[in-house]
Amino acid sequence: MSATGAAVVRGGTVVDATGRRRADVLVVDGRVAAVGTGLDVPTATTVLDASGCVVAPGLVDLHAHLREPGFEESETVETASRAAALGGYCAVVAMPNTEPAVDSAAVVRHVQQLGERALCQVAVAGAITVGRAGRQLAPMAELAEAGVRLFTDDGAGVQDALLMRRALEYGRGLGVTLAQHCEDAALAGGASMHEGEWSSRLGIPGAPAEAEELMVMRDLALARLTGARLHLLHLSTAGSVELVARAKAAGVPVTAEAAPHHLVLTHAEVASYDPVFKVNPPLRTAADVAALRAGLAGGTIDAVATDHAPHPQEAKELPFDQAPPGMLGLQTCLAVCLTELDLPVERTLALLSWQPAAIAGLADQHGGPVAPGAPANLCVIDPAATWVVDPATLASRSTNTPWRGRTLTARVRHTLFRGEPVVVDGRATR
Amino acid sequence: MTATHLLSVADLGTDGIEEVLRVTDSFVEVSARAIPKVPALRGRTVVSLFFEDSTRTRLSFEAAARRLSADVMNFAVSSSSVNKGECLRDTVETIDAMGVDALVVRHGSSGVPWQVAGWVGASVINAGDGAHEHPTQALLDCFTIRQRRGSLEGLRIAIVGDVKHSRVARSGVLAFTALGAEVTLVAPPTLLPPSLEGWPVTVSHELDPVLVKADVAYMLRMQSERMTGSLLPSRREYTAGFGLTRRRAALLPDGALVMHPGPLNRGVEIAAEVAGMPGSVITSQVANGVAVRMAVLYLLLGGAG
């Protein structure tokens, strides 16, 4: 960034919730100073070429495992934030299944401090229960006071219906959102993949779609009962989409996300026995993929969230049933969506930027229209650039991407975070 | 056989299975000699890498390798560095680096032989992976049936018991149907795979009507840990519904075969006296196992060396 703190994004097409227009964007002191053509630009302004590109509000990921504290061999806040910035993100919600879990204000502040040096904003999600053990409510008011807006025991669902009811009720009083990893643990019972044709053939224990849908059903009922805001994480089945559509039509205050891998890949991938394709919820059927895509197009699903879940190579070389579930996502999500889903750019950006920003309670900083005075959180996307995913060149500390070797069309050219060009010409600047 | 590994029966196809059975014929002859040994794999090294207890399969492979004059190394997990936390890949690559020609892999997790095959230069033979496959068992079963009945074409084979958790059943279905047999799976729904889409089989939850028309009653081993909990109410109820009792064995047509992959739970899936009756070919299965594994090793390692 130049000494004046000024940068101009030149020659692109601005796309935000208000529509699209050809315009340059001048950024000064962390905010958008002007949007238009033929802008008067201060001397010593950094020029970022955006010809042929889409200039959009920075992306917001509702669901990322940054692994710090506790699992720094997999990822750190810094490395994840670099991957995020390279993927066009200006904010990520950090999941609380760290070690220790984010169930006290001290851990919230620790992750927030780590986030101060990050290449994007790190919004910390808090655990619903102490130690994510599903037995006793975490000090939610204390966590909310520290800045937590989203609560989840992600990695596991809250199994006890009464406890979940109390969490929703208590959360309603705090004005926060409860996010559920929908999985009935007893019915899923030690599964490593989706239960169906492939699990039967491969001899791997599977979890039926109903293990997810039972909890979706229960939590929609509890959201209706309590009036609390509920967000459903990484929905993966056609049945879940249908349940959410019906609940929304009935006015239940629910939002939902889907992960990019569930929108493209199916359980047939597991035939390779490569644990890189092990993820929870598991990859499901082609019919589920189609239903999720329809849910995105029709507005039942509000956001695409990465569920970025780094694991070290040695963990992903264990036997399939012993390997931990999870896939990288931050650096590839936007490109996967633009390559694989037949959605207009505007709709894709709604699902990756302004809608998740609203769910995360970050709409004052992220996802808003590109207009003078707005925080300068922007990503510049070259929709025609093709690249081949090479795990070794990703910024994450881990390499467990399911997109290895895949050619993607669309690449993030620049990312500006609070006015700072943290990615320039596809490279992180720090 | 042109493959470098034997991971699944599906890798072989009908022609590949036929080829193994043809070569097995000649090794049965070798096994009957006073000195049952040929120099075909002299100088070759075969390692048995068993991460799960198995006496009979390991011994069978080792006997097969020795009768072909291969050098045999045995990696027993209990005495290995796996117990010191060494990861699977390091273990396998270390052994591969010693210059071995074939790794015979048994593991409690489905898919491990596929992972191993991706890491090593040696030929990998699947000696049983989780609830997935056990190809040499299926091959020796085909050989045994053919020995008694001439061909599998048109035979009705009932596979009875815990199909859900059985690698023997999965490989058996592939091999038996490839050779033209009609397979019926007989089990309570809790012991069947959740989906049978794409399986060329019929299903029955009742044993008696299937036995009356069966040419082969293939009884699966019922693991004791499956007989409690939510899969089955009790061992007694399983035996009453699906055990091959003397009464049920009498329903079988003349000339029908009784088979079992071993080890037997006498009195559970098969009555002691049924295991010993003339139609029972359980000991032939064990004897043929060595010859079939000789054929597999010979075909994979090419005999040139």
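All figures in this text were calculated on a predicted structure; none of them were measured in a lab.

Rules used in this analysis
Numbers given for residues are sequential positions, taken from 1 along each chain in its written order. To read the labels, note that chains go from A and ligands from 1, taken in the order they are written. The predicted origin of the model limits local features to residues at a pLDDT of at least 70 and limits the giving and counting of side-chain atom pairs to 80 or more, whereas totals for whole chains, interfaces and linings rest on all residues. Numbering of helices and strands runs from the N terminus, with a helix taken as a DSSP run of H or I at least four residues long and a strand as a DSSP run of E at least two residues long. As defined in this context, the radius of gyration uses C-alpha atoms, and a globule is described by 2.2 Å times the residue total to the power 0.38. To sort residues by exposure, count the other C-beta atoms lying within 10 Å of each residue's C-beta; 20 or more gives buried, 12 or fewer gives exposed, and values between give partly exposed, all with C-beta atoms placed from the backbone. Any pair of residues counts as being in contact when their C-beta atoms, constructed from backbone geometry, are within 7 Å of one another. A strand pair is defined by DSSP finding two or more bridges across the two strands. Each axis is a line fitted through C-alpha atoms, and for a helix only the stretch in contact is used; angles between axes span 0 to 180 degrees, taken between their N-to-C directions. The scheme is simple: roughly parallel for angles under 35 degrees, roughly antiparallel for over 145, roughly perpendicular for 65 to 115, oblique for anything else. Each crossing gets its hand from how the near helix is turned against the far one by less than a right angle, where anticlockwise is left-handed and clockwise is right-handed. Nonpolar residues are Ala, Val, Leu, Ile, Met, Phe, Trp, Tyr, Cys and Pro. Charged residues are Asp, Glu, Lys and Arg, and all others, Gly as well, are polar. pLDDT measures the predictor's confidence residue by residue and takes values from 0 up to 100.

## Some points on the overall build of chain A
Line of reasoning, step 1. Counting secondary structure elements, chain A contains 11 helices and 21 strands.
Line of reasoning, step 2. Its C-alpha radius of gyration of 21 Å places chain A within 12% of the 22 Å reference for a compact globule of 430 residues.
Line of reasoning, step 3. Expressed along its principal axes, the backbone C-alpha trace of chain A runs to roughly 65 × 45 × 40 Å.
Line of reasoning, step 4. Here chain A holds 430 residues, and the buried ones make up 60% of them.
Line of reasoning, step 5. Of all intrachain contacts in chain A linking residues separated by at least 6 positions in sequence, the fraction that spans at least 24 positions is 75%.

## Examining the sheet that holds strand β3 (residues 19-22) of chain A
Residue and element names in this part refer to chain A.
Line of reasoning, step 1. An order of β3-β2-β7-β18-β19-β20-β21 is seen for the seven strands of this open sheet, with the pairing classed as mixed. Edge strands, defined here as strands with exactly one partner in the open sheet, are β3 and β21 (427-428).
Line of reasoning, step 2. Lying on the sheet, helix α10 (residues 333-340) is in contact with β18 (378-388) and β19 (407-417); it crosses β19 at an angle near 135 degrees.
Line of reasoning, step 3. Where helix α11 (residues 345-359) meets the sheet, it contacts β2 (13-16), β7 (54-57) and β18, and its direction lies at approximately 30 degrees from that of β7.

## Notes on the packing of helix α4 (residues 161-174) of chain A against helix α7 (residues 209-226) of chain A
Residues and elements named next belong to chain A.
Line of reasoning, step 1. One can describe the packing of α4 onto α7 by two numbers: an axis separation of 10 Å at closest approach and a directional angle of 40 degrees. Here α4 is positioned oblique relative to α7, judged by the angle of their axes. Crossing angle aside, the handedness with which α4 passes α7 is right-handed. Across the interface between the two elements, Ala-161, Met-164, Arg-165, Leu-168, Glu-169 and Arg-172 from α4 touch Arg-218, Asp-219, Leu-222, Ala-223, Leu-225 and Thr-226 from α7.
Line of reasoning, step 2. Along the lines of polarity and charge, the residues of the contact of α4 with α7 split into six nonpolar, one polar and five charged.

## Quick notes on the interface of chain B and chain A
Line of reasoning, step 1. Contact residues are listed per partner, giving 21 residues for chain B and 17 residues for chain A.
Line of reasoning, step 2. For the side of chain B that touches chain A, the secondary structure elements donating two or more residues are α3 (88-97), α4 (112-117) and α6 (167-178) of chain B.
Line of reasoning, step 3. When residues in the side of chain B that touches chain A are grouped by element, the largest group, three residues, is from α4 of chain B.
Line of reasoning, step 4. In terms of residue class, the side of chain B that touches chain A is built from eight nonpolar, nine polar and four charged.

## A few points about the confidence of the model for chain B
Line of reasoning, step 1. Taken as a whole, chain B shows an average pLDDT of 93; of its residues, 95% reach a score of 70 or greater.
Line of reasoning, step 2. Note on the complex model: pTM 0.96, ipTM 0.94.

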